[in-house]
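What the coordinates show
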Amino acid sequence: MGGTCAVVDPTEAEPVLQYLQDQNLILQAIYNTHHHFDHINDLFDVIISSAMRGRDHDLKIYGPSGTKNIVSALLEDVYAQDIRFRIEEEKEIRKMGGKWSERPGAITKVNVQEIEPGLIAETNRWKVYADYVLHGDFSHLPDFEWRCLGYRIEAEGKVITISGDTVLCDGIIGLAKNADLLIQPDLSSFNRSDTDQVENLMKKGYEDSLKSLKTATFSKKQHWFQRVLKFINKHE
């Protein structure tokens, strides 16, 4: 994205941060699919570490309803003392004439947007769409709002669809129309979906609108970030 980038579900902070450093990229946004711990457990690490590595701009965080509460709790309660320590430490170092490239004051510079289906972000080079996907159905519990999102990224003539932990549903089928790559978890071990069946059903349902869709599946036991990069590079 021309020197800037976005991250989806920062479940592993270090490989993401290392990649940003190696490629000299600036993190502009985080897209969250849903709020299971294995999809947000390193969210704060990415927020704080990007600032401590020089980020000085607002970090945009997109996600389903409830995202604002999670980020607020991390910044204002869980890690409030940590943030205060880093800010005061920087003040002391600067008082003594020291210089720091870290930006602890930028840790709290976040802009959280709870999103609904549709176009959610765009520049003149790329667009990001979202839609609701099925990962647990609690419609019978009116006091429990559980929303999950899939994302469609269009850039430089290519389309990548990221499913989150969804099973086959209208949302993910729509997001995968004309996609070049569908990234999804391996759900077969949960007896809820077979990944080959998902791909076959998608192709059958949208024969006229799907390209030669490649599907990358990743077990939760794998280091998915490196494997996704390897898969994408292999099929460029």
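Starting from 1, residues in each chain are numbered consecutively following that chain's sequence as written. Under the rules for a predicted model, residues below a pLDDT of 70 receive no local features and side-chain atom pairs below 80 are neither given nor counted, while totals for whole chains, interfaces and linings still include all residues. Note: side-chain values were computed over all heavy atoms of the structure, leaving out hydrogens and water.

1. Concerning the nonpolar core
Nonpolar core, defined: a set of buried Ala, Val, Leu, Ile, Met, Phe, Trp, Tyr and Cys residues in which side-chain atoms within 4.5 Å join the residues together. Under the scheme applied here, a residue whose accessible area is under 20% of the maximum for its type counts as buried, over 50% as exposed, and between as partly exposed, the area being computed with a 1.4 Å probe on protein chains only. Residues L27 and I107 are the most contacted members of the largest nonpolar core, which totals 26 residues. In DSSP terms, a helix is any run of H or I states spanning at least four residues, a strand is any run of E spanning at least two, and both are numbered starting from the N terminus. Of all the secondary structure elements, the ones that give two or more residues to this core are β1 (4-8), α1 (13-23), β2 (26-31), α3 (43-52), β3 (59-63) and α4 (67-78). At seven residues, α3 tops the list of elements feeding residues into this core. Dropping the residues within four chain positions of it, I107 is found in contact with F44, I47, I48, A51, M52, R55, L75, I83 and R86. Between two residues, a contact is recorded if the distance between any of their heavy atoms is within 4.5 Å.

2. Digging into a nonpolar patch on the surface
Like-charged residues are merged into a patch within 9 Å and nonpolar side chains (Val, Leu, Ile, Met, Phe, Trp, Tyr) within 5 Å, provided each residue has over 30% relative accessible area and no salt bridge. Accessible surface area values rest on a Shrake-Rupley calculation with a 1.4 Å probe, where residue burial reflects the displayed protein chains alone. For this analysis, a salt bridge means a side-chain nitrogen from Lys or Arg found within 4 Å of a carboxyl oxygen belonging to Asp or Glu. Together, F138, L141 and F144 make up a nonpolar patch on the protein surface, roughly 230 Å² of accessible area in all. Relative to the helices and strands, F144 is located in the loop between β6 (126-132) and β7 (149-155).

3. Thoughts on the pattern of salt bridges
Opposite charge on two side chains allows them to pair when their charged atoms are near. Under the criterion given, the structure shown has nine salt bridges. With a shortest N-O distance of 2.5 Å, E156 and R125 are connected by a salt bridge. With E156 in the loop between β7 and β8 (158-162) and R125 in the loop between β5 (118-122) and β6, this residue pair connects regions lying 31 residues apart in the sequence. Through salt bridges with shared partners, a single network forms among R84, E88 and K91.

4. A few points about the side chain of D165
Locating D165 in the fold gives a position in the loop between β8 and α6 (170-175). Residue classification places D165 among the buried positions, given a relative accessible area of 4%. In the analysis that follows, any N or O atom pair within 3.5 Å is treated as a polar contact, provided that within protein one partner can donate a hydrogen and the other can accept it, and provided that, for residues neighboring in sequence, both atoms belong to side chains. Only 3.0 Å separates the side chain of D165 from the side chain of H39, close enough to count as a polar contact.

5. Let's talk about unusual backbone geometry
Positive phi outside glycine occurs at N24, with the angle close to 55 degrees. Looking at the element boundaries, N24 is found in the loop between α1 and β2. Even without glycine at this site, E156 takes up a positive phi of about 50 degrees. E156 gets classed as exposed once you look at its relative accessible area, which sits at 62%.

6. A word on the packing of aromatic side chains
Between rings of Phe, Tyr and Trp, where Trp is taken as its six-membered ring, a pair exists when centres lie within 6.5 Å; planes separated by under 30 degrees are stacked, by over 60 edge-to-face, and by other angles tilted. If you walk through the whole model with that rule in mind, you get five aromatic pairs. Judged by centre distance (4.0 Å) and plane angle (0 degrees), the ring pair of F44 and Y79 falls under stacked. In this pair, F44 is assigned in helix α3 and Y79 in the loop between α4 and α5 (80-95), connecting sequence segments 35 residues apart. Note on F44: relative accessible area 7%, which makes it buried. Between F138 and F144, the aromatic rings sit 5.0 Å apart at their centres with planes inclined by 55 degrees, giving tilted as the arrangement. The class of F138 is partly exposed, set by a relative accessible area of 33%.

7. Thoughts on the confidence of the model for the protein
Any region with low pLDDT has predicted coordinates that should not be read closely. The score called pLDDT rates the predictor's confidence residue by residue, from a low of 0 to a high of 100. Looking at the protein as a whole, its pLDDT mean stands at 81, while 77% of the residues score no less than 70. Predicted confidence is poor over residues 189-195, with pLDDT under 50, and the contacts of this stretch with residues over four places away or in other chains come to twelve contacts.

8. Thoughts on the sheet that holds β2
Between any two strands, pairing holds if DSSP finds at least two bridges. Here four strands make up an open sheet; going across it, the order is β1-β2-β3-β4 and the pairing parallel. A single partner strand is all that each edge strand has here, and the edge strands are β1 and β4 (110-114). Within this sheet the neighbouring strands show an average axis-to-axis angle of 20 degrees, counted without direction. Pairing of β3 with β4, which is carried by five bridges, proceeds in the parallel orientation. Considered in β4, the bridge of G63 is made with E114. As a rule, the C-alpha atoms of each element are fitted with a line to give its axis, helices using only the stretch in contact, and angles between N-to-C directions run from 0 to 180 degrees. Where α3 meets the sheet, its contacts fall on β2, β3 and β4, and the angle it forms with β2 comes to roughly 160 degrees.

9. Some points on α1
The complete set of buried residues in α1 reads A13, P15, V16, L17 and L20. Just downstream of α1, N24 is the residue with a positive phi angle, here 55 degrees.

10. A look at the pairing of β3
Consecutive side chains of a regular strand alternate in pointing toward one face of the sheet and then the other. Along β3, four of the five residues are buried, which leaves the element largely enclosed by surrounding structure. The pairing of β2 with β3 spans three bridges and is classified as parallel. Directly across from A29, in β3, lies its bridge partner K60.

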